[in-house]
Amino acid sequence: MNIKDIGEFGFIRRIAPLGAIRSEGVIKGIGDDCAVTSLDDERCLLVTTDLLVERVHFLLEWASPEVLGAKSLAVNLSDIAACGGTPQDAFISLAVPERIEVEWLEAFYRGMAEHAARYGVNLLGGDTTGSRSDLVINVAVTGIVPRDEVLFRHTAKAGDVIVITGPLGRSGAGLRVLLQAMDIPPEVKDPLVKAHLEPRPHLEEGRFLATSGACTAAIDVSDGLSSDLWHLCEDSGIGAVVHEDKLPLSRDLSRCGELAGKDPLFWVLNGGEDYVLLAAIKPHLLDDLQDQAHKQGFTLQEIGRFVKGSRMELVRPDGSRRMFAAGGWDHFD
């Protein structure tokens, strides 16, 4: 059997039972945005790590080393945000091919350091080794969250409202633009490429949700709405109904779809790397929470409901329904 036969998450399910040999202090291990362990009676420690591989996740010609450094940290900070935490320290490991010059690496670290300073994160170490082919970037980040404010994936309830904290699909469209070198107007191209290369971790939104008492579960949208919603549904043992006409479509995304001959809804559902938060909200607290979010400059867009069962359904504007499944990013697909 090849790992492609079972996919990334099938592999994770197979190895998860091997993970914890000492359960003391472990609150959540493999299978969430972060591992969660007990720090003391009041706080939990969050730990996350992400791997970026040249020619799999990025091409060097797409962006400056500063931009790549910032993104390498941002994707990990997004995991901390999904758990409602505050990031603390980062550790960076690189496998560097000979063709990468020291000056490029220095610029990479400058970009990461500037992003780290913006969010109060220390860069405390890591490892550096050689690579025979591609550049490999691994970043691990720790965070802190009060014990009673941790946001998990497995705690959503049927009846909870599904909300997102920002736009979807723009990063996926930006990736399409980069991969195909699409010749489209800069007012369409530039913001979509920026959405892909320079994601903003929704840390303030994560803390807002964690402290609200209204959020029952959350995840960051890294693999695509369809895949990450499926993770919440599977882990919580429920289904979901999403309304197509509630999914936001930005003007540049719609225009890119027209120029590429592709339905922009595909990117909204399956694009990935949006790094907004997807959350479950107690329905009776939604209106007040949206008012509070608006006052603080946040967006909480209602897109559907969690329901009993295990199906994910998309309701079209005409009221018809169709099932949809996880169709986002899988490293081995």
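Look a little higher up for the structure.
Residues numbered from 1 in each chain as written. Predicted model: local features only at pLDDT ≥ 70, side-chain atom pairs only at ≥ 80, totals over all residues. Heavy atoms only, no water.

Q: What is the right way to look at the side chain of Glu273 in this model?
A: Relative to the assigned elements, Glu273 resides in the loop between α9 (264-270) and β10 (277-281). Side chain to side chain, Glu273 and Lys71 meet in a polar contact 2.9 Å long. Beyond its immediate chain neighbours, meaning those up to four positions away, Glu273 contacts Lys71, Ser171, Ala195, His196, Val221 and Ser222. (Helix = DSSP H or I, 4+ residues; strand = E, 2+ residues; numbered from the N terminus. Polar contact = N/O pair within 3.5 Å; in protein donor to acceptor, adjacent residues only side chain to side chain. Contact = heavy atoms within 4.5 Å.)

Q: Looking at this structure, how should I read the environment of Asp134?
A: Within the secondary structure, Asp134 sits in the loop between β5 (122-130) and β6 (136-146). When near neighbours in sequence (up to four residues on either side) are disregarded, Asp134 contacts Glu54, Arg55, Ala95, Pro97 and Arg99. Reaching out from Asp134, the side chain makes a polar contact with the side chain of Arg55 at a distance of 2.8 Å.

Q: Please clarify how the sheet that holds strand β13 (residues 321-323) should be interpreted in this entry.
A: In spatial order, the strands read β8-β10-β7-β11-β9-β12-β13; together these seven strands make up an open sheet with mixed pairing. Pairing within the sheet leaves two strands with one partner each, and these edge strands are β8 (215-220) and β13. Mean inter-strand twist for the sheet, computed between neighbouring axes without regard to direction, equals 25°. Pairing between β8 and β10: five bridges, direction antiparallel. Within β10, the residue paired with Cys215 across the bridge is Ile281. Strands in contact with helix α2 (residues 65-82) are β8 and β10; relative to β8, the strand with the most contacts, it is inclined by about 170°. Docked against the sheet, helix α7 (residues 225-236) engages β7 (161-164), β8, β9 (239-243), β10, β11 (301-307) and β12 (312-315), running at close to 140° with respect to β8. (Pairing = 2+ DSSP bridges. Axes fitted to C-alpha atoms, helices over the stretch in contact; angles between N-to-C directions.)

Q: So what exactly am I meant to see when it comes to the state of the cysteines here?
A: By definition, a disulfide links the sulfur atoms of two cysteines through a covalent bond. Counted according to the given criterion, the structure contains zero disulfides. Cysteine Cys44 shares no disulfide, and the gap to the nearest cysteine sulfur, in Cys83, comes to 10 Å. Free cysteine Cys215: the closest other cysteine sulfur is in Cys83, separated by 11 Å. (Disulfide = S-S within 2.5 Å.)

Q: What exactly am I supposed to notice about the nonpolar core here?
A: One recurring pattern in soluble globular proteins: nonpolar side chains tend to sit buried together. The biggest cluster of nonpolar side chains holds 50 residues, and the ones touching the most others in it are Leu73, Trp104, Ile137, Leu209 and Ile281. Apart from the residues within four sequence positions on either side, Trp104 is in contact with Leu60, Pro65, Leu68 and Leu135. Core analysis: the next-biggest nonpolar cluster, separate from the first, contains 40 residues, Leu168, Ile219, Leu229 and Ile303 among them. (Core = buried A, V, L, I, M, F, W, Y, C linked by side-chain atoms within 4.5 Å. Buried < 20%, exposed > 50% of the residue type's maximum accessible area, 1.4 Å probe, protein only.)

Q: Hey, could you run me through helix α8 (residues 251-260) in this one?
A: Within an α-helix, residues lying three or four positions from one another point in the same direction, as the helix has 3.6 residues per turn. Every buried residue of α8 is listed here: Asp252, Leu253, Cys256 and Gly257. Looking down the long axis of α8, one finds its buried residues gathered within 140° of arc, a one-sided arrangement. In α8, the exposed residues that point more than 90 degrees away from the buried face are Arg251 and Glu258. Those residues of α8 that are buried are in contact with α4 (170-180), α5 (186-197) and α9. Of the residues flanking the end of α8, it is Gly261, one or two places downstream, whose phi is positive at about 65°. (Arc of directions from axis to C-beta.)

Geometric descriptors of this kind do not, in isolation, establish any biological role.
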